[in-house]
Amino acid sequence: MTYEFFSRLAGILNSEQSRSVILSGNVYDLFHNGQDYVPLIPFVSGKSKTKGLIRLVYELNGPIRILDDSDKLKNAWIAWKSGVDTDTLLIRGMKSRGESEFDLLSKQFDRLILDAIGNPTLALETLRQFTICSRSHLSGDLLILVEAADMMMPTGSGDVASLNDKQLHRIGIVQDWLSDPAFMNGGDSVILFAESKSLIHPRVAKLPQVLNVEVSSPNTEQRLHYIQHYTEQAQYKPKLWSSAEDLASFTAGLSIHALRQLLLGASYTREPLEPADVLGKVQEFIQSQLGEDVVEFKKPSHRLDDVMGNRQLKTFIRNELLPRFRAPGDKALSGAAVAGPIGGGKTFIFEAVASELDVPVLVLKSIRSQWYGQTDVIFERLRRVLEALEKVVIFVDEADTQFGGVGAETHSTERRLTGKIQAMMSDPRLRGRVIWLLMTARIHLLSPDIRRPGRVGDLIIPVLDPIDDDRTEFIRWVAESVLEAPSEDDIQRIDELTPGYSAAAFASLRSQLRGCDAKTIEDIINIVNDLLLPAIESTRRYQTLQALLNCTRRSLLPGTDLTDQDREGWHQEILALESRGIH
């Protein structure tokens, strides 16, 4: 089993491109070392074993562990501290009375190793001194692995004032250590482990000589390897509904740890593992990684046949949109932005589109966090999840509030987030696998960089209030909730009483009629006459005009003979509404 991240890490260190690397991403998973699955630090330390290389590991709850030639390192450190070689010290010790200098320094070395337990400040300073010692007194190089660097040197609130003295001391130690020209030009290397580079204080993480290597979530091949490995060793082999290859495909998004839990549960219960169990585990795991306030999984139950009206749009969806969403690679659309006035039915229609695709639907709630740096961490987790999934729909309601702009007046975190989302939308590796559906009533507030071609700007779809035959279909849908066979006269009377009704207004009227137990056309008329639409007509008109003006398909606009003069007319009407304070 080969891992891309380790090849890149080895390439950086072997080429001497950098002597300090942050290993981030899926760092809490299991990795195959050729015999078994182990955590990342044992994996990296085991794979890096080389003649002449002394490996050291520091974990928060343990001592500094010297994996190779501890006596060699100790003797070098003693010689460095005393200023003479160990043979000279030993000879001096033979002549002295009581405890020799060699013995005192030897005990001091052992004490430093043990005192590092729970004392990361001492541990980091000791490791720094080891690299200084190595350059002058050690025939060989050190490879130092430091666990949980984000906990030792946290970002805090983004400035040093929010950190305590010990944290500041540790940041100072590591900053000086990794910036030392002698260290950068030497043979020793340091690997800092953290879930995200953003969680390590920028005084360390943003040093130009510190490179980041990301550990990706396991791909299909790696998941299949673990399934086969587990099945070979399990006392009770899990019963699968299909092949191991199908299970590997269905578990896209799971870590090896989560996959292990799934297989252990199946082995214990002796019950067949069904697709529904697997998908449930995937959803539970992804939601636990990203947070329930960030994403939720949705499984829409309605299809396009359940959508009233919108005949022109439904034809376009069936004939062009769905085939492009299902297409692989560069034939696929990366997504679509859906615009139109509030209450037009955008969410309902495109939930049906997601249902037709029959792939997981990830509803993006909010990826912002009140904590400094946490927004970047959430985004990195989201990206790892998306890269691991085979195919997924990202559904974003009110996208104009989710994604800000990139202008100078926008907060730096907002600009950074929007920029990363934009890059992900146009990432060729995700095209055909991640489908973005952005819903907004205020398409003009969505970042122009997101609306450009190559992202969702390839397709901006207007969802408008029903007219002509679509409107008649809505009216008949409302009438049939009360009347068994409404006549054309009944349809006409309701039509005259419902000018300006949106899809949501018709749905509300239908619910009202059923709730009031209306039975006749007169009951319907009385209820309609009693209802008043909210005073948002000008706002809805403004949103409709913006949807028309931003639409990227002439065939989706009402009418067949639209001209540039019509578009200019929409623009002038928008300016007139804005002059009245309507936005």
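Just above sits the structure.
Our subject in this report is the structure included herewith. Along every chain, residues carry numbers that run from 1 in the direction the sequence is written. pLDDT decides what is reported in this predicted model: residues at 70 or higher carry local features, side-chain atom pairs at 80 or more are listed and counted, and totals for whole chains, interfaces and linings draw on all residues regardless. Only hydrogens and water are removed before side-chain values are computed, so all heavy atoms of the structure are retained for them.

With that settled, the discussion passes to the overall build of the protein chain. Per the convention used, a helix needs a DSSP run of H or I reaching at least four residues, while a strand needs a run of E reaching at least two, with both numbered from the N terminus. From N to C terminus, the protein chain includes 26 helices and 14 strands. What you see for the protein chain is a C-alpha radius of gyration of 32 Å, clearly larger than the 25 Å of a compact globule of 583 residues, by over 25%. The contact criterion used is simple: two residues touch if any of their non-hydrogen atoms lie within 4.5 Å. Within the protein chain, contacts between residues at least 6 apart in sequence are counted, and of these 75% link residues at least 24 apart. Per-residue and other accessible areas follow the Shrake-Rupley method at a 1.4 Å probe size, with only the shown protein chains counted as cover for residues. For the protein chain, the accessible area works out to roughly 27,500 Å², and carbon and sulfur atoms hold 49% of it. Positive residues here are Lys and Arg, negative ones are Asp and Glu, while His and the chain termini are left out of the count. Positions of charges follow a simple convention, taking NZ of Lys, CZ of Arg, CG of Asp or CD of Glu. In the protein chain, which carries 66 positive and 79 negative side-chain charges, the distance between the mean positions of the two groups comes to 6 Å. Atoms counted for the radius of gyration: C-alpha only. Globule rule: 2.2 Å times residue count to the power 0.38.

Locating Gln287 in the fold gives a position in helix H14 (residues 275-290). Polar contact is the term for a pair of N or O atoms within 3.5 Å; when the atoms are in protein, one must be able to donate a hydrogen and the other to accept it, and sequence-neighboring residues count only if both atoms are side-chain atoms. Within the structure, Gln287 has its side chain in polar contact with the backbone oxygen of Val295 (distance 3.1 Å).

A few words now on the packing of aromatic side chains. Each Phe, Tyr or Trp ring, with Trp reduced to its six-membered ring, pairs with another whose centre is within 6.5 Å; inter-plane angles below 30 degrees give stacked pairs, above 60 give edge-to-face pairs, and intermediate values give tilted ones. For the structure on display, the rule yields 16 aromatic pairs. Considering the side-chain rings of Tyr3 and Phe31, the 5.5 Å spacing of their centres and the 70° angle between planes classify their relative orientation as edge-to-face. With Tyr3 in the segment before helix H1 (4-14) and Phe31 in strand S2 (residues 30-32), this pair connects stretches of sequence that are 28 residues apart. Consider the rings of Tyr37 and Tyr226, whose centres lie 4.9 Å apart with planes at 85°: the pair is edge-to-face. In this pair, Tyr37 sits in strand S3 (residues 37-39) while Tyr226 sits in helix H11 (residues 220-233), placing the two residues 189 residues apart along the sequence. Here a set of aromatic residues connected by ring pairs shows up, and it is made of Tyr3, Phe5, Phe6, Phe31 and Phe43. The lysine or arginine in question, Arg270, covers the ring of Tyr236, its NZ or CZ lying 3.5 Å from the ring centre. Should the NZ of a Lys or the CZ of an Arg lie within 6 Å of a ring centre and within 35 degrees of the ring normal, that charge is described as sitting over the ring.

Once that is clear, we can look at the pattern of salt bridges. Two side chains carrying opposite charge are able to pair once their charged atoms lie near each other. The term salt bridge refers to a pairing of a side-chain nitrogen on Lys or Arg with a carboxyl oxygen on Asp or Glu at a separation within 4 Å. Going through the model one piece at a time under the given rule, you end up with 27 salt bridges. With a shortest N-O distance of 2.8 Å, Arg128 and Glu125 are connected by a salt bridge. Note that Arg128 and Glu125 are positioned in helix H6 (residues 120-137) at a spacing of three residues, about one turn of the helix. Classification of Arg128 as partly exposed rests on a relative accessible area of 23%. As a salt-bridge pair, Glu390 and Arg223 come within 3.8 Å of each other at their nearest N and O atoms. One end of the pair, Glu390, is in the loop between helix H17 (374-388) and strand S12 (392-396); the other, Arg223, is in helix H11, with 167 residues separating them in the sequence. Within this structure, Glu195, Glu214, Arg381, Arg383, Arg384, Glu387, Asp427 and Arg429 form a network of salt bridges that share partners. For every residue, the accessible area obtained with a 1.4 Å probe (protein chains only) is divided by the maximum for its type, and the residue is called buried under 20%, exposed over 50%, and partly exposed between those limits.

Our focus in this paragraph is the layout of surface pockets. Rolled over the atoms, a probe as big as a water molecule pinpoints where empty space is left. The method works on a 1 Å grid over the protein atoms by themselves. A cavity is a set of points holding a 1.4 Å probe that cannot get out, a pocket is an open set with protein on both sides within 12 Å along at least five of seven lines, and residues with an atom within 4 Å of a point line them. Grid points are joined across faces, edges and corners, and a volume is the space filled by probe spheres set on the points. In this structure, the largest pocket encloses a volume near 1,100 Å³. Along the wall of the largest pocket there are 41 residues; nearest its centre are Leu464, Asp465, Pro466, Tyr501 and Arg540. For the lining of the largest pocket, the secondary-structure elements that each account for two or more residues are helix H15 (311-326), helix H21 (468-479), helix H23 (503-515) and helix H25 (537-550). When residues are grouped by polarity, Ala, Val, Leu, Ile, Met, Phe, Trp, Tyr, Cys and Pro land in nonpolar, Asp, Glu, Lys and Arg in charged, and all others, Gly among them, in polar. When the residues that make up the lining of the largest pocket are grouped by side-chain class, the tally is 23 nonpolar, nine polar and nine charged. Volume-wise, the second largest pocket comes out at about 720 Å³.

Bringing the sheet that holds strand S8 (residues 210-215) into the picture now. Note on pairing: DSSP must find at least two bridges between two strands before they are called paired. Read from one edge of the open sheet, six strands run S5-S4-S6-S7-S1-S8, paired in mixed fashion. Looking at strand neighbours, the two that pair on one side only are strand S5 (64-66) and S8, the edges of this open sheet. When the angles between neighbouring strand axes are averaged without regard to direction, this sheet yields 20°. Bridge count between strand S1 (residues 20-25) and strand S7 (residues 189-193): four bridges; the pairing is parallel. Among the inter-strand pairings, Leu23 is bridged to a residue of S7, identified as Phe193. Axis lines are fitted through C-alpha atoms, for helices just across the contact stretch, and the angle between N-to-C directions can take any value from 0 to 180 degrees. Sitting on the sheet, helix H2 (residues 40-47) touches S1, strand S4 (53-58), strand S6 (141-146), S7 and S8, and the angle it makes with S7 is about 160°. Together, S1, S6, S7 and S8 form the strand contacts of helix H8 (residues 165-179), whose direction differs from that of S7 by roughly 140°.

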